[in-house]
Amino acid sequence: MFTKEVYVARRAALLAKMRAAGEKGIILLIGNAEAPAQYKDNCYKWRQDSTWLYYIGLDEPLMAAVLDIESGAETLYANDVDIDDIIWMGPQPSVRSKAESVGIGLTQPYSMLDTDVHAAQNIGRPIHYINPSRYFNTLRLMQLTGKENVADGASAPLTEAIISMRLVKQPEEIAAIDFACDLGYEMHSAARDAIKLGIVEQDIVGKMEAVALAKGWGVSFPTILTQHGETLHNHGHAAVIEPGKLMVIDAGVESNEHYASDFTRTYPTSGKYTTKQREIYQIVYDCNELAFSLAKPGITYRDVHLATARKMLEGLSALDLVHGDLDEMVAKGIAGLFQPHGLGHNMGLDVHDMEDLGENKVGYDPDQTRAKQLGLGSLRMARRLVPGHVITDEPGIYFIPALIEKFKKEGLGYDFVNYAKLESYYDFGGIRIEDDVLITADGARRLGSRRLPASPDDVEASMQK
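Basis of the calculations
Residues numbered from 1 in each chain as written. Predicted model: local features only at pLDDT ≥ 70, side-chain atom pairs only at ≥ 80, totals over all residues. Heavy atoms only, no water. Pairing = 2+ DSSP bridges. Helix = DSSP H or I, 4+ residues; strand = E, 2+ residues; numbered from the N terminus. Axes fitted to C-alpha atoms, helices over the stretch in contact; angles between N-to-C directions. Contact = heavy atoms within 4.5 Å. Buried < 20%, exposed > 50% of the residue type's maximum accessible area, 1.4 Å probe, protein only. Polar contact = N/O pair within 3.5 Å; in protein donor to acceptor, adjacent residues only side chain to side chain. Arc of directions from axis to C-beta. Core = buried A, V, L, I, M, F, W, Y, C linked by side-chain atoms within 4.5 Å. Phe/Tyr/Trp six-rings, centres within 6.5 Å; stacked < 30°, edge-to-face > 60°. Lys NZ or Arg CZ within 6 Å of the ring centre and 35° of its normal. Parallel < 35°, antiparallel > 145°, perpendicular 65-115°, else oblique. Left-handed = near helix turned anticlockwise from the far one by under 90°. Nonpolar A, V, L, I, M, F, W, Y, C, P; charged D, E, K, R; others polar.

Please give an account of the sheet that holds strand β8 (residues 246-251) that cites residues and values.
Paired through their backbone hydrogen bonds, the strands of a sheet run either parallel or antiparallel. Ordered in space as β7-β8-β10, the three strands form an open sheet in which the pairing is antiparallel. Only two strands of the sheet have a single partner each, and these edge strands are β7 (224-226) and β10 (263-268). The mean angle between the axes of side-by-side strands here comes to 10°, regardless of whether they run parallel or antiparallel. Pairing analysis gives three bridges linking β7 to β8, with the strands arranged antiparallel. Its bridge partner lying in β8, Thr226 is registered against Val248. This element, helix α8 (residues 171-194), spans β8 and β10 of the sheet and lies at about 15° to β10.

Dropping the structure here:
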């Protein structure tokens, strides 16, 4: 948790934004509940709702809060422990003391939430809530509001206000993300140092996640570690490490404060890239560097994505894998054949920050429209950059046989793609390089105190150690 003053200021700013938008009524925030894995006392690992963490900070289950837009009154709804709880958990701080620790003056038992919300409804006061990501919260909102489809009733003004605040990271958040990135550096270094021919991939995953659990909350998303990088989200780790392969490791740490890191590196399993691997790796590295050099206030990340797509096609053209006018290839989406994902996404309390509130709402400005084109259409962050944005820079090149064959069968890109030569890359795999980036007043900086080796020479040198 941060200091009490941080949460008080955030809630005050949220109420001020709602008043400035001409809104009335109450804001309803619901924290997560524990979710049983098999039976009610054996639950999935506890994780609090991120918007709740941002405004309330209390990292415990079964809590809710109501913020009165007109009066400014704030009420925390939670239950004090009873003797049965104490037997299993020991004595716990009172709800009142927890409320005071985050600057909330009023408390009520959790059961009073229904009474108070229904009382507000009965006199016609609007109930502002955000789209829930957990099933429990969906059920609670159905009970509280009487709506069968709670997503349709989510408050657009509240959603916009929350996104506007959480998109621009405060100094204490940046420090927390820097720390998560330092843990990510340790985790990825442990993975790189553990790569040995003949061992099972799961052995490396275990060493990585030991770092995450020893020094943080755990991983920020399920670890991707694979010698089949052409499968973008390959979560299977049963393969034995073979010589001459490329190992894509995409993983991050979630700190105990619940801020995320997200890095990707691609290693040669034998310690050195083959000529063919190095050629493609160099293109991806150049794209990563270009994106970082372009990222600054005022430019849209959509334009950065398109610039890196052009750089990628330029490199592939030099290898005679594509040919033709670069700008025309970019316009026609040829880059999507090799990079079917976007350049990056927002990051913070969620590794894909706030996408539960609506990917387009979070990643696109009101004057932007999401493309349908392969690759560009998967861009999760397209906004005009401002200081305080935290984004990922993650270009990649993948040779996905099924996708290439689909393009070929449908007659797509024949004016530009050398399909005959591409057949020799069907066993190549994929390469991705990802850094976490903070937009500053005059440019950008990579988050964390150290950058993982990224150039082909530096990667090979790090593996020789």
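Which residues make up the environment of Ile400, and what values go with them?
Within the element layout of this structure, Ile400 appears in the loop between β12 (396-398) and α14 (401-409). For Ile400, a relative accessible area of 17% puts it in the buried group. Not counting chain neighbours up to four residues away, the residues in contact with Ile400 comprise Glu230 and Pro340.

Can you tell me about the side chain of Asp262, naming the residues and giving the values?
By secondary structure assignment, the location of Asp262 is in the loop between β9 (253-254) and β10. Among the polar contacts made by the side chain of Asp262, one reaches the side chain of His345 at a distance of 3.1 Å. The residues touching Asp262, leaving out its near neighbours within four places in the chain, are Phe221, Asp250, Ala251, Gly252, His345, Met347, Val351, Thr392, Glu434, Asp435 and Asp436.

Summarise helix α5 (residues 112-122); cite the residues concerned and give the values.
Those residues of α5 that sit buried are Leu113, Val117 and Ala120. The buried residues of α5 occupy an angular sector of 55° when projected down its axis, which confines them to one face. Residue Gly124 follows α5 closely and has a positive phi angle near 85°.

Report on the sheet that holds strand β4 (residues 106-108), specifying residues and quantitative values.
Pairing is mixed in the open sheet, where five strands are placed in the order β4-β3-β2-β1-β5. The strands lining the two open edges of the sheet, one partner per strand, are β4 and β5 (127-128). Pairing geometry for strand β1 (residues 26-30) and strand β2 (residues 64-68), over five bridges, is antiparallel. Each bridged residue has a counterpart across the sheet, and for Ile30 the counterpart in β2 is Ala64. The strands touched by helix α1 (residues 4-20) within the sheet are β1, β2, β3 (74-77) and β5, with β2 carrying the most contacts at an inclination of about 50°.

Provide a residue-level description of unusual backbone geometry, including the pertinent values.
Even without being glycine, His258 reaches a positive phi, approximately 75°. Its location among the elements puts His258 in the loop between β9 and β10. Despite not being glycine, Asp320 shows a phi value in the positive range, around 65°. Tracing the backbone shows Asp320 in the loop between α11 (301-318) and α12 (326-331).

Please give an account of the nonpolar core that cites residues and values.
Formed by 57 residues in total, the largest nonpolar core has its most connected members in Ile204, Ile280, Leu316, Phe338, Ile397, Phe399 and Leu422. The dominant element in this core, judged by the number of residues it contributes, is helix α10 (residues 275-294), at six residues. What Ile204 contacts, discounting residues up to four positions off in sequence, is Ala191, Ala194, Ile195, Ile199, Leu225, Ile241 and Met247. Counting residues in hydrophobic clusters, the runner-up holds 50 residues, among them Leu15, Tyr259, Phe263 and Leu349.

Describe the packing of aromatic side chains, and please don't skip the residues or the numbers.
Summed over the entire model, instances satisfying the criterion amount to nine aromatic pairs. When the centroid spacing of 5.1 Å and the interplanar angle of 50° are considered together, the rings of Tyr414 and Tyr419 count as tilted. Residue Tyr414 is classed as partly exposed on the basis of its relative accessible area of 45%. Centroid distance Tyr425 to Phe428: 5.8 Å. Interplanar angle 45°. Geometry classified as tilted. Here the guanidinium or amino end of Lys276 rests over the ring plane of Tyr425, the centre of that ring lying 4.2 Å away.

Requested: an account of the environment of Asp59, with residues and values cited.
Among the structural elements, Asp59 can be located in the loop between α2 (50-55) and β2. In this structure, the C-alpha to C-alpha distance between Asp59 and Met1, residues 58 residues apart in sequence, is 8.3 Å. Each residue touching Asp59, except ones within four places of it in the same chain, is listed here: Trp46, Gln48, Leu53 and His258. Separated by 2.7 Å, the side chains of Asp59 and His258 make a polar contact.

So what about the packing of α8 against helix α9 (residues 201-215)? Which residues, and what values?
For any two helices packed against each other, the geometry comes down to the angle between their axes and how far apart the axes lie. For the pair α8 and α9, interaxial distance at closest approach is 8 Å and the crossing angle is 155°. Considered as vectors, α8 and α9 are oriented roughly antiparallel to each other. Classified by chirality, the crossing of α9 by α8 is right-handed. Packed against α8, whose contacting residues are Phe179, Leu183, Glu186, Met187, Ala190, Ala191 and Ala194, the element α9 presents Ile204, Lys207, Met208, Val211, Ala212 and Lys215 at the interface. Of the residues assigned to the contact of α8 with α9, the class counts are ten nonpolar, no polar and three charged.

Talk me through the packing of α5 against helix α6 (residues 135-145); I want residue IDs and the actual numbers.
Two elements in contact, α5 and α6, have axes separated by 9 Å at closest approach and are oriented at 50°. For the element pair α5 / α6, the angle class is oblique. From α5, Leu113, Asp114, Val117, His118 and Gln121 reach across to α6, where they touch Arg140, Gln143, Leu144 and Thr145.

Help me get a handle on the environment of Ala251, residues and values and all.
Considering the arrangement of structural elements, one finds Ala251 in strand β8. In this structure Ala251 comes out as buried when scored by relative accessible area, which is 0%. Separated by 129 residues in the primary sequence, Ala251 and Asn122 place their C-alpha atoms 48 Å from one another. Contacts of Ala251, omitting those with residues within four sequence positions, involve Met187, His188, Met208, Phe221, Thr223, Asp262 and Phe263.

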